[in-house]
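Each chain, letter by letter, is given below.
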Amino acid sequence: MAYHSLKTSLRAALFAGVCFMVPYSALAQDYDAPDEAEGEGNTIVVTATPIADSLDAALEIKRKAPNVVDVISSDTIGRFPDQNLADALNRLPGVAVERDQGQARFVNFRGAPFRFTAIAFDGIDIPGAENGRIPRFDSFPATIVSAVEANKAITPDMPGEAVSGFINMITFDPFARDGLHVSVEGGLGVQELGDGQVERYNGRLSWSNDTIGLVVFGSHNGRDQTTDNREFDVVDGDIATVEFRNYLVERQDNAYGGRLEYRGDGALSRLFVSSIYSEFIDDELRNQYNFDLTDPVEPDAIGTDPSLGVTRLLQDGRYQNSTFTNTLGADFTSGDWLLELRGNYTETRSSVDLIIPFSTAGSAGGNFDFTDVEDPVLNLFDASSGDSISIGDVDYFFELILPVVSELDIDAYQFKADLTGDVELFGHASTLKFGAKYDTRDATGFDTVVGTAFPPAGFDYSVFDTGELWPSDFNNTINGTIFDNEGVVDALSASGVDLNAEVPADLLIGIEEDIYSAYAMLTSEFDWGSLVVGGRVEFTDFTSSGNSAFEADDGSVVISPVVASRDYVNFLPSVHANFDIDENAVFRASVSTGVNRPTYVESRASIAVDATALASGGLVNVTGGNPDLEAETAWGGDLSFEYYFDEGSLFAVAAFARFIDNVIYAEQTFFDDISVFDPNIPAGRSGNFISFANGEDGELFGVEVTFTGRASSFTDSFLGGFGIETSATVLDSRFTIPALDGRAARDLRLPGTSDFLFNGSVFFERFGLSTRLSYTYRDDWLDETESEGNDVFWNAQERLDASIRYTFTDVLGDAAVTLFADANNLTNAVDVRYTNTPRTPNQVEGYGARYLFGVRIDY
């Protein structure tokens, strides 16, 4: 490919560029170069130190905030090689991400489960696309926002669901600059494994005068990549099945939106309408081979199995989710009072559409070596002759096609009013703030539905085998080759095979939720600092309709239609004290409360079947919701010391604790015949029924240490262009799964809690050049709670990224032109999940480094 030769030189070129351009810039220009470049006509201000200037702005917001908060400004977002907002947030103290095929998807805020974090656009909280609660950040490109506020101590004017944090994504202000301004960016690159193309395009146009402002923007990120994958089924600590998988993936996220705003001097001080649409599309072609061992073996075993059971899966499918949020707002002023009115409509869509032709009942002999469980070796041979064979030589005696679909659509309306006024109470300048909000959400759709079809007699899959070996950094000892999965599906459809999955009426689900909330808070200024006190009350009315599974008195499992309703009230007080030790040091102490409602997946009245496991012949997981789940309630405290020892410089130490009741966890029960839950499951298939329950005594503790500094605090020489940002977080958590039916109680960490997090960046900025090398690390964390001894963890993960930018101010008239290069995963790290112990990984995933080169023009 054209990208192949480029790939081999990109890593060296990137580091050579850093090493060459830093001293070259020092020699080419005087140290007293101006901080601004002005063009004639429209004035374009291009700061010489955009990273440092954006850090200044972020730290100033943090310094003046009434609570514990971290801020990312627009330049910081744009100058990291971030693929989405999760990558940007991953650089903040106490924040870690979970990835899928190398792309950051979910955020663990201060070691808490995903659902403990609420997100908002411009203060309007929105539902998570997949399950109503948990936000997926891979559909939000970093370039669509101007700043991100990561609130760690929650005030009464924030949603109660922000147990661990409230992430407010601030969109672009059309009045930030007068007149017409245009910014466009484009870049192309390569994903190292498989030589797939990477592309990024985005643009923004704004115009404003004294009263009218308009901003429109759009963004596209695309990536073609190969993901190499090895997985194991583990039974009682032994390997029962080894899976060789290879994915050809085309992923893209697209976003566009805008804001039209009026500002005036009268009672109506602001009127605006804004809209944002963002989507994530994942097209995956999967070639997968499962090898069932005659007898399970130890993880480090070396041996021979003369009769492996072999299954082949050739998936062609799409995963998609989107968010479309629209807000109408008006601000009214009267004296010292401000009334803010907002109306919002948000719709989210999430869907899965897969076609999985699979062939099973194949057989081969195999010599295996599992001493390196992250890169297993399996050499196949013909059981009759003993001759070596490739996976393409295996014949299958049963063939089936599984169309698999699922869908969840959420329509949410929100109306809120906030009234703020400056008053004097007991001789102290104070601000009173009151608010009320009404949220109503309707969710409709269906859980995973698995259809059944058969290929026509004599259908020959082998003609779709390209013969091209998988791109792989792992052992491909089975000689796996790429199939034309799309061609397979097209041929099956052309031959008249019905590839649609019928959705039975009894699998449809519906959820209706209304949340009424009100709050009051008082912020008072004192000689020693400020005090924020207040409370929030939230009333929830929840109804779910669908089907539920329960065990009858005779021990049989009964599936029955159900409509479940419940309502509850939560009162959420908080207190925040901020002590100004001197003009450079602040000490903060706070106590806050929160409530976390079950996700729509956890609380739905329905059941869902794991289609992949059903197709592969392994244990079948059937997941059912629990409409009787209690909401998690939490309270906790924060202590923070912040020392701003110089401009754009900070040393901070923060400690926090959260105490959570009714912790929600997944509970698993084994059934010899799992077909009682779904007639599409063949009788006699064994599997697990997974549902959700409430645990007890949840606790989460952490300490964060942050340092941000610049060499310019100590020298005016060339070395003054260097700066550093670092943070380290130590975490601990636990909750108790109660004893039940003879099962002993046991303690686990909360899902998402790593014991240690670290991120660090070193940057250099002078004379239009900005370079940054950044590193993130998190150690192991619990992913899924299953039965004892079968809990699933992610192994430790690290990333090394780099970026270079150079800005020219005199090559295109009044415009500023920036050339950039970004690199992700320079160490070619892989992601590993394991069952109970790292000796038994159930997923090993590699995808290589990613490189991008491009240009940005600002006018």
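What you see as residue numbers is a count from 1 along each chain, following the sequence as written. With pLDDT at 70 or above as the cut-off, local features in this predicted model cover only qualifying residues; side-chain atom pairs require 80 or more to be listed or tallied, and sums for whole chains, interfaces and linings still use all residues. Water and hydrogen atoms play no part in the side-chain values, which are based on all heavy atoms of the structure.

A word on the overall build of the protein
Piece 1. If you tally the helices and strands in the protein, you get seven helices and 41 strands.
Piece 2. Summary of the burial criterion: residues with accessible area below 20% of their type's maximum are buried, those above 50% are exposed, and those between are partly exposed, where the area comes from a 1.4 Å probe applied to protein chains only. Across the 859 residues that make up the protein, the buried fraction comes to 58%.
Piece 3. Any two residues whose heavy atoms approach within 4.5 Å are treated as being in contact. Here the contacts in the protein between residues at least 6 apart in sequence split such that 72% fall between residues at least 24 apart.
Piece 4. Working definition of accessibility: Shrake-Rupley area with a 1.4 Å probe, residue cover restricted to the visible protein chains. As displayed, the protein offers around 33000 Å² of accessible surface, 55% of which is attributable to carbon and sulfur atoms. Put simply, DSSP H or I for four residues or longer makes a helix, DSSP E for two residues or longer makes a strand, and each gets a number counted from the N terminus.

Topic: the pairing of strand 9 (residues 196-208)
Piece 1. At least two DSSP bridges between two strands are required for those strands to pair. Bridging between strand 8 (residues 179-191) and strand 9 involves 13 bridges; their strand directions are antiparallel. Counterpart to leucine 188 in the pairing with strand 9 is glutamate 199.
Piece 2. Between strand 8 and strand 9, which follow one another and run antiparallel, lie four residues, and glycine 194 among them has a positive phi close to 90°.
Piece 3. The pairing of strand 9 with strand 10 (residues 212-235) spans eleven bridges and is antiparallel. Each residue of the ladder has a partner; that of serine 206, found in strand 10, is valine 215.
Piece 4. Hairpin connection, strand 9 to strand 10: the antiparallel pair is bridged by three residues.

Some remarks on the pattern of salt bridges
Piece 1. Within this document, salt bridges are pairs made up of a side-chain nitrogen of Lys or Arg and a carboxyl oxygen of Asp or Glu, the two lying within 4 Å of each other. Overall, the coordinates contain 60 salt bridges when judged by the stated rule.
Piece 2. With a shortest N-O distance of 2.7 Å, lysine 416 and aspartate 418 are connected by a salt bridge.
Piece 3. Judged by relative accessible area, lysine 416 falls into the buried class, the value being 18%.
Piece 4. Connected through shared salt-bridge partners, Lys62, Asp70, Arg110, Lys152, Arg588, Asp638, Glu642, Arg658 and Glu704 make up one network.

Let's talk about the side chain of asparagine 90
Piece 1. With respect to the element layout, asparagine 90 can be found in the loop between helix 4 (85-89) and strand 2 (95-100).
Piece 2. Judged by relative accessible area, which is 8%, asparagine 90 ranks as buried.
Piece 3. Excluding its chain neighbours within four sequence positions, the residues that come into contact with asparagine 90 are Val95, Ala96, Val97, Arg99, Asn759 and Thr776.

Digging into the sheet that holds strand 6 (residues 147-151)
Piece 1. In space, the five strands of this open sheet follow the order 1-6-7-4-5, with mixed pairing throughout. In this open sheet, the two strands that pair with only one neighbour each are strand 1 (69-73) and strand 5 (124-125).
Piece 2. By the bridge criterion, five bridges tie strand 4 (residues 117-121) to strand 7 (residues 165-170) in an arrangement that is parallel. The partner of alanine 118 across the bridge, within strand 7, is phenylalanine 166.

Observations concerning the pairing of strand 39 (residues 831-835)
Piece 1. Across the five residues that make up strand 39, a large majority, five, are buried.
Piece 2. On strand 39, burial covers both faces: Asp831, Arg833 and Thr835 on one face and Val832 and Tyr834 on the other are all buried.
Piece 3. Of the pairings in the sheet, the one linking strand 36 (residues 792-794) to strand 39 comprises three bridges and is antiparallel in character. Within strand 39, the position partnered with tryptophan 794 by the bridge is arginine 833.
Piece 4. Pairing of strand 39 with strand 40 (residues 841-846), which is carried by four bridges, proceeds in the antiparallel orientation. Bridging from a neighbouring strand, aspartate 831 pairs with glutamate 845 of strand 40.
Piece 5. Between the end of strand 39 and the start of strand 40, which pair antiparallel, lie five residues, with asparagine 836 showing a positive phi angle near 70°.

A closer look at the packing of aromatic side chains
Piece 1. Pairs were defined over the aromatic rings of Phe, Tyr and Trp, the Trp ring being its six-membered one, requiring ring centres within 6.5 Å. Orientation was assigned from the angle between planes: stacked under 30 degrees, edge-to-face over 60, tilted for the rest. Under the criterion given, the structure shown has 32 aromatic pairs.
Piece 2. Residues tyrosine 516 and phenylalanine 539 carry aromatic rings whose centres are separated by 6.0 Å and whose planes lie at 40° to one another, so their mutual orientation is tilted. Taken as a pair, tyrosine 516 in strand 20 (residues 508-526) and phenylalanine 539 in strand 21 (residues 529-551) lie far apart in primary sequence, 23 residues in all.
Piece 3. Measuring from centroid to centroid gives 6.3 Å for phenylalanine 758 and tyrosine 775, while their planes differ by 50°, and the two rings are tilted. Taken as a pair, phenylalanine 758 in strand 33 (residues 756-766) and tyrosine 775 in strand 34 (residues 769-778) lie far apart in primary sequence, 17 residues in all.
Piece 4. Taking the relative accessible area as the measure of exposure, phenylalanine 758 reaches 29% and is therefore partly exposed.
Piece 5. Feature note: the residues Phe526, Trp528, Phe579 and Phe587 constitute an aromatic cluster, connected by ring pairs.
Piece 6. Any Lys NZ or Arg CZ found within 6 Å of a ring centre and within 35 degrees of that ring's normal is scored as a charge over the ring. Cation over ring: arginine 204 sits above phenylalanine 172, and NZ or CZ is 3.9 Å from the ring centre.

Digging into the nonpolar core
Piece 1. Only buried Ala, Val, Leu, Ile, Met, Phe, Trp, Tyr and Cys residues count toward a nonpolar core, and they belong to the same one when joined by side-chain atoms within 4.5 Å. Within the largest apolar cluster, 37 residues are counted, with the highest numbers of intra-cluster contacts made by Phe291, Leu378, Ile391 and Ile478.
Piece 2. Mapped onto this core, the elements with two or more residues apiece are strand 10, strand 11 (238-263), strand 12 (268-297), strand 13 (302-334), strand 14 (337-369), strand 15 (377-381), strand 19 (481-483) and helix 5 (485-494).
Piece 3. Ranked by residues supplied to this core, first place goes to strand 12 with four residues.
Piece 4. When sequence neighbours within four positions are dropped, the list of residues in contact with leucine 378 reads Val242, Phe244, Phe291, Leu308, Gly366, Asn367, Phe368, Thr477 and Ile478.
Piece 5. One finds Ile119, Ala150, Ile167 and Ala255 within the second-largest nonpolar core, a separate group that totals 28 residues.

Digging into the environment of leucine 425
Piece 1. By secondary structure assignment, the location of leucine 425 is in strand 16 (residues 398-425).
Piece 2. A relative accessible area of 30% places leucine 425 in the partly exposed class.
Piece 3. Separated by 97 residues in sequence, leucine 425 and leucine 522 place their C-alpha atoms 9.9 Å apart.
Piece 4. Filtering out sequence-adjacent residues up to four positions away, leucine 425 remains in contact with Ser430 and Leu522.

A word on helix 2 (residues 50-64)
Piece 1. Take the residue count of a helix, subtract one, and multiply by 1.5 Å to get its expected span. With 15 residues, helix 2 extends 21 Å between its outermost C-alpha atoms, agreeing within 8% with the 21 Å of an ideal straight helix rising 1.5 Å per residue.
Piece 2. Of the positions making up helix 2, those classed as buried are Pro50, Ile51, Ala52, Ser54, Leu55, Asp56, Ala58, Leu59, Lys62 and Arg63.

Brief notes about the confidence of the model for the protein
Piece 1. Scored by pLDDT, the protein comes out at a mean of 87, with 89% of its residues at no less than 70.
Piece 2. A score from 0 to 100, pLDDT tells how confident the predictor is in each residue. When mean pLDDT is compared element by element in the protein, strand 15 scores highest at 97, while helix 1 (residues 2-28) scores lowest at 41.
Piece 3. Considering only residues more than four positions removed or in separate chains, one finds that residues 1-47, a stretch of pLDDT under 50, has 80 contacts.

Quick word on helix 5
Piece 1. Three or more residues of helix 5 are buried, namely Asn485, Gly487, Val488, Val489 and Leu492.
Piece 2. In the core, the buried residues of helix 5 are packed alongside strand 12, strand 13, strand 14, strand 16 and strand 19.
Piece 3. Positive phi appears at glycine 496, one or two residues downstream of helix 5, with a value of about 95°.

Some thoughts on the environment of aspartate 195
Piece 1. With respect to the helices, strands and loops of the structure, aspartate 195 is situated in the loop between strand 8 and strand 9.
Piece 2. Take aspartate 195: its relative accessible area is 13%, and that puts it in the buried class.
Piece 3. For the pair aspartate 195 and glycine 848, spaced 653 residues apart in sequence, the C-alpha to C-alpha distance is 9.6 Å.

Looking at unusual backbone geometry
Piece 1. We note that aspartate 236 has phi near 50°; this positive angle belongs to a residue other than glycine.
Piece 2. Summarising the element assignment, aspartate 236 is placed in the loop between strand 10 and strand 11.
Piece 3. In this model, asparagine 836 sits at a positive phi of 70°, which is unusual for a non-glycine residue.
Piece 4. Within the secondary structure, asparagine 836 is located in the loop between strand 39 and strand 40.

A look at a negative patch on the surface
Piece 1. On the surface, Asp224, Glu250, Asp484, Glu486 and Asp490 cluster together into a patch of negative charge.
Piece 2. Checked against the element boundaries, aspartate 484 lands in the loop between strand 19 and helix 5. Exposure above 30% relative accessible area and the absence of a salt bridge qualify a residue for a patch, where like charges join within 9 Å and nonpolar side chains (Val, Leu, Ile, Met, Phe, Trp, Tyr) within 5 Å. Positive residues here are Lys and Arg, negative ones are Asp and Glu, while His and the chain termini are left out of the count. In this description, the location of a charge corresponds to atom NZ of lysine, CZ of arginine, CG of aspartate or CD of glutamate.

Some thoughts on the side chain of glutamine 191
Piece 1. You can see glutamine 191 is positioned in strand 8.
Piece 2. Look at glutamine 191 and you get buried, because its relative accessible area is 2%.
Piece 3. Polar contact is the term for a pair of N or O atoms within 3.5 Å; when the atoms are in protein, one must be able to donate a hydrogen and the other to accept it, and sequence-neighboring residues count only if both atoms are side-chain atoms. Among the polar contacts listed, one links the side chain of glutamine 191 to the backbone oxygen of glycine 848, at a separation of 3.5 Å.
Piece 4. With residues up to four places along the chain from it excluded, the contact list for glutamine 191 reads Gly196, Val198, Arg223, Asp224, Gln225, Tyr847, Gly848, Ala849 and Arg850.

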